[in-house]
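Fold and geometry: a report
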Amino acid sequence: MKRKLIAAIGIAGIMASIAACGSSDDDASKQDPKDRKGELTVWLMVDAQSSWPELVKQANTEFNKKYPGVKVNVQYQQWGDKTKKLDAALSGDSFPDVVELGNTETMTYILNGALGEIDAKKYDNSDTWIEGLKDTCSYEGKLYCVPYYAGARVAIYNKDMFKAGTGSDQLPTTEADLLKALDKVQDKYKKDNAFSALYLPGRYWYAAMSYVAAYGGEIATYDEGSKEWKAALSTPEAQKGIQHFIDLVKKYNHGDQTKDEQDHANVMANEKAALLYGNGWEAGSVVDSKTSGNPKLKDKIATAGMPGPEGKTLPSFIGGSDLATVSKSDQQDLGQEWISLFTNEKSQAALAEKDILPNNTKQLEPLKAKPETAPIANAVPDAWFTPIAPGWSAIEKKETLETMLLDILKGKSVADATKAADAEINSLINESS
(Lines give C-alpha, C1' and ligand atoms only; values in the text may rest on other atoms or scores of the structure.)
Protein backbone atom coordinates (compact mmCIF):
# COMPACT_ATOMS: atom_id res chain seq x y z
CA MET A 1 0.00 0.00 0.00
CA LYS A 2 2.63 2.51 1.08
CA ARG A 3 4.82 2.07 -1.97
CA LYS A 4 1.92 2.64 -4.37
CA LEU A 5 0.72 5.67 -2.44
CA ILE A 6 4.14 7.31 -2.56
CA ALA A 7 4.28 6.84 -6.31
CA ALA A 8 0.80 8.32 -6.59
CA ILE A 9 1.71 11.48 -4.69
CA GLY A 10 5.04 11.97 -6.39
CA ILE A 11 7.47 11.64 -3.47
CA ALA A 12 8.86 8.20 -4.11
CA GLY A 13 12.26 9.05 -2.66
CA ILE A 14 11.00 9.77 0.83
CA MET A 15 10.67 6.20 2.08
CA ALA A 16 14.11 5.22 0.85
CA SER A 17 15.61 8.30 2.47
CA ILE A 18 13.80 7.66 5.74
CA ALA A 19 14.85 4.02 5.79
CA ALA A 20 18.47 4.94 5.11
CA CYS A 21 18.54 7.49 7.90
CA GLY A 22 16.35 5.86 10.52
CA SER A 23 16.12 7.21 14.04
CA SER A 24 18.44 6.56 16.95
CA ASP A 25 17.43 8.82 19.81
CA ASP A 26 17.38 6.11 22.49
CA ASP A 27 20.91 6.81 23.78
CA ALA A 28 20.43 10.57 23.70
CA SER A 29 17.16 10.37 25.61
CA LYS A 30 19.00 8.69 28.50
CA GLN A 31 21.29 11.71 28.97
CA ASP A 32 20.71 14.27 31.67
CA PRO A 33 18.52 16.98 30.08
CA LYS A 34 21.10 19.62 31.01
CA ASP A 35 23.74 17.72 29.01
CA ARG A 36 21.73 17.59 25.80
CA LYS A 37 23.16 19.77 23.03
CA GLY A 38 22.14 20.72 19.55
CA GLU A 39 19.26 22.34 17.74
CA LEU A 40 15.59 21.41 17.45
CA THR A 41 14.05 22.62 14.20
CA VAL A 42 10.32 23.27 14.31
CA TRP A 43 8.19 24.09 11.27
CA LEU A 44 5.07 26.04 12.18
CA MET A 45 2.64 27.71 9.84
CA VAL A 46 2.73 31.49 9.66
CA ASP A 47 -0.53 31.71 11.66
CA ALA A 48 1.46 31.15 14.86
CA GLN A 49 3.87 33.94 13.99
CA SER A 50 1.15 36.48 13.24
CA SER A 51 -1.54 35.52 15.75
CA TRP A 52 0.01 33.82 18.81
CA PRO A 53 3.78 34.41 18.87
CA GLU A 54 3.70 34.60 22.67
CA LEU A 55 2.66 30.92 22.80
CA VAL A 56 5.70 29.96 20.75
CA LYS A 57 7.94 32.01 23.04
CA GLN A 58 6.31 30.46 26.11
CA ALA A 59 6.89 26.89 24.85
CA ASN A 60 10.50 27.67 23.95
CA THR A 61 11.15 29.21 27.36
CA GLU A 62 9.70 26.23 29.21
CA PHE A 63 11.62 23.83 26.98
CA ASN A 64 14.93 25.60 27.57
CA LYS A 65 14.47 25.51 31.35
CA LYS A 66 14.83 21.75 31.06
CA TYR A 67 17.15 21.66 28.02
CA PRO A 68 19.34 24.78 28.26
CA GLY A 69 21.83 23.42 25.72
CA VAL A 70 19.28 22.83 22.94
CA LYS A 71 18.38 25.75 20.70
CA VAL A 72 14.85 25.76 19.34
CA ASN A 73 14.83 27.02 15.76
CA VAL A 74 11.26 27.84 14.76
CA GLN A 75 10.82 28.33 11.01
CA TYR A 76 7.50 29.70 9.77
CA GLN A 77 5.97 28.29 6.60
CA GLN A 78 3.29 29.40 4.15
CA TRP A 79 0.38 27.11 3.38
CA GLY A 80 0.82 27.57 -0.35
CA ASP A 81 4.21 25.87 -0.67
CA LYS A 82 4.66 24.03 2.65
CA THR A 83 4.03 20.50 1.35
CA LYS A 84 6.36 20.98 -1.62
CA LYS A 85 9.13 22.21 0.71
CA LEU A 86 8.48 19.42 3.19
CA ASP A 87 8.59 16.70 0.54
CA ALA A 88 11.92 18.06 -0.68
CA ALA A 89 13.29 18.30 2.87
CA LEU A 90 12.26 14.74 3.73
CA SER A 91 14.01 13.46 0.62
CA GLY A 92 17.28 15.09 1.69
CA ASP A 93 19.40 15.59 4.77
CA SER A 94 18.03 18.92 6.00
CA PHE A 95 14.61 18.41 7.51
CA PRO A 96 12.60 19.64 10.51
CA ASP A 97 12.32 17.65 13.72
CA VAL A 98 8.77 18.86 14.34
CA VAL A 99 6.27 19.84 11.65
CA GLU A 100 2.77 21.32 11.61
CA LEU A 101 0.38 19.66 9.16
CA GLY A 102 -3.14 20.54 8.12
CA ASN A 103 -5.43 17.74 9.21
CA THR A 104 -6.14 16.75 5.60
CA GLU A 105 -2.39 16.30 5.00
CA THR A 106 -1.46 13.95 7.82
CA MET A 107 -2.54 10.63 6.30
CA THR A 108 -0.16 11.03 3.38
CA TYR A 109 2.83 11.41 5.69
CA ILE A 110 1.66 8.66 8.05
CA LEU A 111 1.42 6.18 5.19
CA ASN A 112 4.79 7.05 3.69
CA GLY A 113 6.49 6.57 7.04
CA ALA A 114 7.52 10.20 7.48
CA LEU A 115 6.06 10.68 10.96
CA GLY A 116 7.19 9.25 14.28
CA GLU A 117 4.82 7.40 16.59
CA ILE A 118 3.28 9.40 19.44
CA ASP A 119 2.25 8.31 22.94
CA ALA A 120 -1.03 10.08 23.76
CA LYS A 121 -0.47 9.67 27.50
CA LYS A 122 2.29 12.31 27.37
CA TYR A 123 -0.13 15.08 26.35
CA ASP A 124 -2.65 17.13 28.31
CA ASN A 125 -6.33 16.32 27.81
CA SER A 126 -5.60 13.59 25.26
CA ASP A 127 -8.60 11.67 26.59
CA THR A 128 -10.87 14.48 25.39
CA TRP A 129 -9.15 15.34 22.08
CA ILE A 130 -11.68 16.30 19.41
CA GLU A 131 -12.35 13.07 17.51
CA GLY A 132 -12.22 14.71 14.09
CA LEU A 133 -8.63 15.77 14.78
CA LYS A 134 -7.52 12.62 16.59
CA ASP A 135 -8.79 10.46 13.73
CA THR A 136 -6.50 12.23 11.27
CA CYS A 137 -3.53 11.29 13.43
CA SER A 138 -4.45 7.63 13.81
CA TYR A 139 -3.74 4.62 11.65
CA GLU A 140 -4.02 0.91 12.43
CA GLY A 141 -4.29 1.54 16.15
CA LYS A 142 -1.26 3.82 16.39
CA LEU A 143 -0.97 7.60 16.82
CA TYR A 144 1.37 9.69 14.69
CA CYS A 145 0.56 13.30 15.55
CA VAL A 146 -0.95 15.55 18.20
CA PRO A 147 -4.04 17.73 17.60
CA TYR A 148 -3.04 21.41 17.73
CA TYR A 149 -6.23 23.41 17.19
CA ALA A 150 -9.61 22.95 15.52
CA GLY A 151 -11.57 24.99 13.05
CA ALA A 152 -15.12 25.01 11.70
CA ARG A 153 -17.07 27.03 9.17
CA VAL A 154 -19.88 29.43 10.01
CA ALA A 155 -21.98 32.16 8.46
CA ILE A 156 -20.12 35.49 8.28
CA TYR A 157 -22.41 38.39 7.48
CA ASN A 158 -22.65 42.17 7.24
CA LYS A 159 -25.21 43.28 9.81
CA ASP A 160 -25.82 46.67 8.18
CA MET A 161 -26.58 45.11 4.80
CA PHE A 162 -29.09 42.68 6.28
CA LYS A 163 -30.73 45.47 8.26
CA ALA A 164 -30.95 47.64 5.15
CA GLY A 165 -32.56 44.83 3.21
CA THR A 166 -34.74 43.16 5.82
CA GLY A 167 -35.06 45.57 8.74
CA SER A 168 -33.12 43.24 11.05
CA ASP A 169 -29.40 42.87 11.62
CA GLN A 170 -29.84 39.28 12.82
CA LEU A 171 -29.22 36.35 10.52
CA PRO A 172 -32.31 34.14 10.13
CA THR A 173 -32.01 30.78 11.86
CA THR A 174 -33.66 28.65 9.16
CA GLU A 175 -32.66 28.34 5.54
CA ALA A 176 -36.17 29.08 4.33
CA ASP A 177 -36.11 32.44 6.12
CA LEU A 178 -32.51 33.04 5.09
CA LEU A 179 -33.34 32.66 1.40
CA LYS A 180 -36.20 35.16 1.74
CA ALA A 181 -33.80 37.58 3.45
CA LEU A 182 -31.15 37.10 0.78
CA ASP A 183 -33.69 37.93 -1.92
CA LYS A 184 -34.49 41.21 -0.14
CA VAL A 185 -30.82 42.07 0.38
CA GLN A 186 -30.05 41.32 -3.26
CA ASP A 187 -32.90 43.55 -4.37
CA LYS A 188 -31.67 46.37 -2.09
CA TYR A 189 -28.22 46.35 -3.72
CA LYS A 190 -29.25 45.32 -7.24
CA LYS A 191 -27.76 48.48 -8.79
CA ASP A 192 -24.33 46.93 -8.21
CA ASN A 193 -24.17 44.12 -10.78
CA ALA A 194 -21.20 42.53 -8.98
CA PHE A 195 -22.91 42.40 -5.59
CA SER A 196 -23.71 38.96 -4.15
CA ALA A 197 -26.17 38.60 -1.31
CA LEU A 198 -24.47 35.25 -0.71
CA TYR A 199 -20.99 34.95 -2.17
CA LEU A 200 -20.59 31.20 -2.62
CA PRO A 201 -17.73 30.39 -5.06
CA GLY A 202 -18.39 27.58 -7.51
CA ARG A 203 -15.17 25.68 -6.73
CA TYR A 204 -15.72 25.84 -2.98
CA TRP A 205 -15.87 22.08 -2.47
CA TYR A 206 -15.79 22.30 1.34
CA ALA A 207 -19.11 24.15 1.19
CA ALA A 208 -20.53 21.79 -1.45
CA MET A 209 -19.67 18.76 0.68
CA SER A 210 -21.33 20.42 3.69
CA TYR A 211 -24.59 20.37 1.71
CA VAL A 212 -23.90 16.74 0.81
CA ALA A 213 -23.53 15.99 4.52
CA ALA A 214 -26.74 17.92 5.26
CA TYR A 215 -28.71 15.45 3.15
CA GLY A 216 -26.98 12.42 4.65
CA GLY A 217 -24.51 11.90 1.82
CA GLU A 218 -20.77 11.24 1.93
CA ILE A 219 -17.78 11.58 -0.36
CA ALA A 220 -16.87 7.92 0.16
CA THR A 221 -17.84 5.14 2.54
CA TYR A 222 -15.91 2.27 4.06
CA ASP A 223 -17.26 -1.22 3.42
CA GLU A 224 -16.50 -3.45 6.41
CA GLY A 225 -17.15 -6.56 4.35
CA SER A 226 -14.70 -5.87 1.53
CA LYS A 227 -12.44 -3.68 3.71
CA GLU A 228 -12.46 -1.09 0.94
CA TRP A 229 -13.38 2.56 0.50
CA LYS A 230 -15.96 3.24 -2.20
CA ALA A 231 -16.89 6.62 -3.68
CA ALA A 232 -20.44 7.73 -2.89
CA LEU A 233 -21.03 11.05 -4.66
CA SER A 234 -23.46 9.47 -7.13
CA THR A 235 -25.85 8.40 -4.37
CA PRO A 236 -29.22 10.20 -4.31
CA GLU A 237 -28.36 11.91 -1.00
CA ALA A 238 -25.03 13.28 -2.24
CA GLN A 239 -26.50 14.38 -5.57
CA LYS A 240 -29.28 16.24 -3.78
CA GLY A 241 -26.74 18.14 -1.70
CA ILE A 242 -24.58 19.00 -4.71
CA GLN A 243 -27.59 20.25 -6.66
CA HIS A 244 -28.63 22.39 -3.68
CA PHE A 245 -25.17 23.96 -3.57
CA ILE A 246 -25.13 24.62 -7.32
CA ASP A 247 -28.56 26.25 -7.16
CA LEU A 248 -27.36 28.64 -4.45
CA VAL A 249 -24.22 29.55 -6.42
CA LYS A 250 -26.20 30.27 -9.58
CA LYS A 251 -28.85 32.33 -7.83
CA TYR A 252 -26.81 34.44 -5.44
CA ASN A 253 -23.19 34.64 -6.62
CA HIS A 254 -23.02 37.53 -9.08
CA GLY A 255 -19.24 37.56 -9.11
CA ASP A 256 -16.92 35.04 -10.75
CA GLN A 257 -18.62 31.71 -10.12
CA THR A 258 -15.58 29.71 -11.23
CA LYS A 259 -13.34 30.91 -8.38
CA ASP A 260 -12.54 29.14 -5.13
CA GLU A 261 -12.96 30.59 -1.64
CA GLN A 262 -9.42 31.89 -1.14
CA ASP A 263 -10.33 35.57 -1.50
CA HIS A 264 -13.97 35.60 -0.42
CA ALA A 265 -13.13 37.55 2.76
CA ASN A 266 -11.72 40.29 0.52
CA VAL A 267 -14.94 40.28 -1.50
CA MET A 268 -16.84 41.04 1.69
CA ALA A 269 -14.24 43.61 2.73
CA ASN A 270 -14.90 45.39 -0.58
CA GLU A 271 -18.62 45.38 0.28
CA LYS A 272 -19.49 43.11 -2.63
CA ALA A 273 -21.09 40.44 -0.44
CA ALA A 274 -23.52 40.37 2.48
CA LEU A 275 -22.96 36.76 3.52
CA LEU A 276 -20.13 34.23 3.34
CA TYR A 277 -19.72 30.67 4.57
CA GLY A 278 -16.20 30.54 5.96
CA ASN A 279 -13.83 29.73 8.79
CA GLY A 280 -14.69 31.61 11.96
CA TRP A 281 -11.37 33.47 11.94
CA GLU A 282 -12.15 34.92 8.50
CA ALA A 283 -14.55 37.36 10.12
CA GLY A 284 -11.43 39.06 11.47
CA SER A 285 -9.79 39.02 8.05
CA VAL A 286 -12.70 41.01 6.63
CA VAL A 287 -11.85 43.98 8.86
CA ASP A 288 -8.09 43.57 9.32
CA SER A 289 -6.05 45.98 7.19
CA LYS A 290 -3.06 43.62 7.47
CA THR A 291 -4.98 41.02 5.45
CA SER A 292 -6.40 43.50 2.90
CA GLY A 293 -9.49 43.89 5.04
CA ASN A 294 -11.64 46.94 5.60
CA PRO A 295 -11.34 48.48 9.12
CA LYS A 296 -14.42 50.60 8.40
CA LEU A 297 -16.51 47.44 8.71
CA LYS A 298 -15.42 46.85 12.31
CA ASP A 299 -18.46 46.07 14.48
CA LYS A 300 -20.53 45.46 11.34
CA ILE A 301 -19.37 41.89 10.70
CA ALA A 302 -20.89 39.06 12.73
CA THR A 303 -20.94 35.27 12.77
CA ALA A 304 -23.72 32.75 13.26
CA GLY A 305 -24.47 29.13 12.58
CA MET A 306 -25.10 28.69 8.85
CA PRO A 307 -28.73 27.67 8.26
CA GLY A 308 -28.91 24.48 6.22
CA PRO A 309 -31.55 22.34 4.52
CA GLU A 310 -34.43 20.71 6.37
CA GLY A 311 -34.41 23.18 9.25
CA LYS A 312 -30.98 22.25 10.58
CA THR A 313 -27.67 24.09 10.87
CA LEU A 314 -25.39 23.30 7.93
CA PRO A 315 -22.84 20.63 8.96
CA SER A 316 -19.31 22.05 8.96
CA PHE A 317 -16.04 20.54 7.85
CA ILE A 318 -13.83 19.97 10.89
CA GLY A 319 -10.61 21.73 10.01
CA GLY A 320 -7.48 22.34 12.00
CA SER A 321 -3.82 21.51 12.39
CA ASP A 322 -1.76 18.70 13.90
CA LEU A 323 1.84 18.55 15.13
CA ALA A 324 4.17 15.63 14.48
CA THR A 325 7.76 14.54 14.88
CA VAL A 326 9.67 13.46 11.79
CA SER A 327 10.73 9.82 11.85
CA LYS A 328 14.13 10.66 10.34
CA SER A 329 14.98 12.85 13.32
CA ASP A 330 17.40 11.45 15.89
CA GLN A 331 15.83 13.61 18.61
CA GLN A 332 12.19 12.68 18.44
CA ASP A 333 12.01 12.64 22.23
CA LEU A 334 12.85 16.36 22.27
CA GLY A 335 10.32 17.02 19.54
CA GLN A 336 7.63 15.21 21.49
CA GLU A 337 8.44 17.19 24.62
CA TRP A 338 8.29 20.51 22.74
CA ILE A 339 4.92 19.55 21.27
CA SER A 340 3.63 18.65 24.74
CA LEU A 341 4.54 22.12 26.01
CA PHE A 342 3.09 23.87 22.98
CA THR A 343 -0.21 21.98 23.25
CA ASN A 344 -0.58 21.73 27.04
CA GLU A 345 -3.67 23.00 28.86
CA LYS A 346 -2.12 26.40 29.49
CA SER A 347 -1.32 26.92 25.80
CA GLN A 348 -4.74 25.71 24.69
CA ALA A 349 -6.35 28.13 27.14
CA ALA A 350 -4.38 30.96 25.57
CA LEU A 351 -5.63 29.92 22.11
CA ALA A 352 -9.19 29.82 23.41
CA GLU A 353 -8.81 33.39 24.71
CA LYS A 354 -8.04 34.38 21.12
CA ASP A 355 -11.26 32.64 19.99
CA ILE A 356 -9.28 29.80 18.41
CA LEU A 357 -10.85 26.41 19.06
CA PRO A 358 -8.71 24.23 21.36
CA ASN A 359 -7.85 20.63 20.57
CA ASN A 360 -10.08 19.11 23.24
CA THR A 361 -13.74 19.08 24.19
CA LYS A 362 -13.03 19.94 27.84
CA GLN A 363 -11.69 23.40 26.95
CA LEU A 364 -14.07 23.75 24.00
CA GLU A 365 -17.16 23.63 26.23
CA PRO A 366 -16.93 27.20 27.66
CA LEU A 367 -16.62 28.60 24.13
CA LYS A 368 -20.08 27.26 23.27
CA ALA A 369 -21.59 29.88 25.58
CA LYS A 370 -19.34 32.78 24.59
CA PRO A 371 -21.14 34.98 22.01
CA GLU A 372 -18.01 35.48 19.90
CA THR A 373 -17.25 31.78 19.63
CA ALA A 374 -20.60 30.03 20.14
CA PRO A 375 -21.36 29.59 16.40
CA ILE A 376 -18.02 27.98 15.59
CA ALA A 377 -17.72 25.99 18.84
CA ASN A 378 -21.20 24.56 18.46
CA ALA A 379 -20.40 23.53 14.88
CA VAL A 380 -17.70 21.10 16.02
CA PRO A 381 -19.73 18.18 17.48
CA ASP A 382 -21.69 17.54 14.26
CA ALA A 383 -18.86 18.38 11.88
CA TRP A 384 -17.85 16.08 9.02
CA PHE A 385 -14.42 15.16 7.67
CA THR A 386 -12.95 13.88 4.43
CA PRO A 387 -12.54 10.09 4.06
CA ILE A 388 -9.68 8.65 6.13
CA ALA A 389 -8.65 6.73 3.02
CA PRO A 390 -5.09 6.10 1.78
CA GLY A 391 -5.64 7.87 -1.53
CA TRP A 392 -7.47 10.93 -0.25
CA SER A 393 -4.55 13.36 -0.48
CA ALA A 394 -4.00 12.29 -4.06
CA ILE A 395 -7.65 13.01 -4.76
CA GLU A 396 -7.29 16.51 -3.36
CA LYS A 397 -4.20 17.19 -5.48
CA LYS A 398 -6.06 16.20 -8.63
CA GLU A 399 -8.84 18.62 -7.68
CA THR A 400 -11.45 15.99 -8.42
CA LEU A 401 -14.21 17.72 -6.51
CA GLU A 402 -13.52 21.18 -7.91
CA THR A 403 -13.55 19.80 -11.45
CA MET A 404 -16.88 18.09 -10.79
CA LEU A 405 -18.45 21.33 -9.53
CA LEU A 406 -17.16 23.38 -12.44
CA ASP A 407 -18.43 20.80 -14.92
CA ILE A 408 -21.92 21.08 -13.41
CA LEU A 409 -21.81 24.88 -13.51
CA LYS A 410 -20.88 24.63 -17.18
CA GLY A 411 -23.94 22.51 -17.93
CA LYS A 412 -22.99 18.90 -17.22
CA SER A 413 -25.69 16.99 -15.38
CA VAL A 414 -25.19 16.24 -11.72
CA ALA A 415 -25.66 12.54 -12.46
CA ASP A 416 -22.92 12.47 -15.12
CA ALA A 417 -20.53 14.68 -13.15
CA THR A 418 -20.83 12.68 -9.93
CA LYS A 419 -20.46 9.40 -11.82
CA ALA A 420 -17.19 10.66 -13.34
CA ALA A 421 -15.97 11.93 -9.96
CA ASP A 422 -16.77 8.59 -8.31
CA ALA A 423 -14.81 6.74 -11.00
CA GLU A 424 -11.75 8.93 -10.42
CA ILE A 425 -12.01 8.66 -6.65
CA ASN A 426 -12.28 4.87 -6.80
CA SER A 427 -9.32 4.71 -9.16
CA LEU A 428 -7.16 6.82 -6.87
CA ILE A 429 -8.16 4.89 -3.77
CA ASN A 430 -7.51 1.57 -5.48
CA GLU A 431 -4.10 2.74 -6.69
CA SER A 432 -3.21 3.27 -3.06
CA SER A 433 -4.46 -0.05 -1.75
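Presented here is a report on the structure given in the accompanying data block. Throughout, residues of each chain are indexed from 1 in the direction in which the sequence is written. pLDDT decides what is reported in this predicted model: residues at 70 or higher carry local features, side-chain atom pairs at 80 or more are listed and counted, and totals for whole chains, interfaces and linings draw on all residues regardless. Hydrogens are left out, water is left out, and the side-chain values use all remaining heavy atoms of the structure.

1. Let's talk about helix α12 (residues 236–252)
Strands are runs of DSSP state E lasting at least 2 residues, helices are runs of H or I lasting at least 4, and numbering of each runs from the N terminus. By this rule the span expected of a helix is its residue count minus one, scaled by 1.5 Å. With 17 residues, α12 extends 24 Å between its outermost C-alpha atoms, agreeing within 8% with the 24 Å of an ideal straight helix rising 1.5 Å per residue. Throughout this description, buried means an accessible area under 20% of the type-specific maximum (1.4 Å probe, protein chains only), exposed means over 50%, and partly exposed covers the range between. Burial in α12 covers these residues: Ala238, Gly241, Ile242, His244, Phe245, Ile246, Leu248, Val249 and Tyr252.

2. Some words on the sheet that holds strand β6 (residues 146–151)
Two strands qualify as a pair provided DSSP detects at least 2 bridges between them. Read across the open sheet, the 5 strands follow the order β2-β1-β3-β13-β6; overall the sheet is mixed. Edge strands, defined here as strands with exactly one partner in the open sheet, are β2 (70–77) and β6. Ignoring which end each strand starts from, the neighbouring axes of this sheet average 20° apart. Where strand β3 (residues 98–102) and strand β13 (residues 319–325) come together, 5 bridges link them in antiparallel fashion. Paired with Glu100 across the strands is Leu323, a residue of β13. Contacts are assigned to residue pairs that have any heavy atoms within 4.5 Å of one another. Note on geometry: axes are C-alpha line fits, over the in-contact stretch for helices, and angles between N-to-C directions span 0 to 180 degrees. Where helix α5 (residues 53–66) meets the sheet, it contacts β1 (38–45) and β2, and its direction lies at approximately 160° from that of β2.

3. Brief notes about the state of the cysteines
Throughout, disulfides are identified as pairs of cysteine sulfur atoms within 2.5 Å of each other. The full count for this structure, using the stated rule, is 1 disulfide. Disulfide pairing is shown between Cys137 and Cys145; the S-S distance is 2.0 Å. On the sign convention where negative means left-handed, the S-S torsion of about -110° between Cys137 and Cys145 marks this disulfide as left-handed. Judged by its relative accessible area of 0%, Cys137 falls in the buried class. With a relative accessible area of 0%, Cys145 lands in the buried category.

4. Quick look at the pairing of strand β11 (residues 273–279)
When a strand is regular, its side chains alternate between the sheet's two faces. Counting buried positions over the 7 residues of β11 gives 7, a clear majority of the element. As paired elements, strand β7 (residues 153–158) and β11 share 5 bridges and run antiparallel to each other. By the bridge assignment for β11, Arg153 is matched with Asn279. Bridging between strand β8 (residues 196–198) and β11 involves 2 bridges; their strand directions are parallel. Bridge pairing in β11 links Ser196 to Ala273.

5. What to know about the pattern of salt bridges
When a carboxyl oxygen of Asp or Glu is within 4 Å of a side-chain nitrogen of Lys or Arg, the pair counts as a salt bridge. Summed over all chains, the structure comprises 18 salt bridges. In this structure, the salt-bridge partner of Lys190 is Asp187, at a minimum N-O distance of 3.4 Å. Judged by its relative accessible area of 45%, Asp187 is partly exposed. Connected through salt bridges with shared partners, the residues Arg203, Asp260 and Glu402 form a single ionic network.

6. Looking at helix α11 (residues 205–214)
Owing to its 3.6 residues per turn, the α-helix brings residues three or four apart onto one side. The element α11 is largely enclosed, with a buried count of 9 among its 10 residues. Within α11, the full set of buried residues consists of Trp205, Tyr206, Ala207, Ala208, Met209, Ser210, Tyr211, Val212 and Ala214. Gly216 sits one or two residues past α11 and shows a positive phi near 85°.

7. Structural notes on the packing of helix α10 (residues 175–188) against α12
Axis separation between α10 and α12 bottoms out at 12 Å; the angle between their running directions is 20°. In terms of their interaxial angle, α10 and α12 are classed as roughly parallel. As for how α10 packs across α12, the hand of that crossing is right-handed. Residue-level inspection shows Glu175, Leu179, Leu182, Asp183 and Gln186 of α10 in contact with α12, the latter providing His244, Leu248, Lys251 and Tyr252. Looking at the contact of α10 with α12 residue by residue, the classes come out as 4 nonpolar, 2 polar and 3 charged. For classification, angles of less than 35 degrees are called roughly parallel, those exceeding 145 degrees roughly antiparallel, those between 65 and 115 degrees roughly perpendicular, and all remaining angles oblique. Each crossing gets its hand from how the near helix is turned against the far one by less than a right angle, where anticlockwise is left-handed and clockwise is right-handed. Each residue gets one label: Ala, Val, Leu, Ile, Met, Phe, Trp, Tyr, Cys and Pro are nonpolar, Asp, Glu, Lys and Arg are charged, and the others, such as Gly, are polar.

Distances and angles like these do not, on their own, reveal function.
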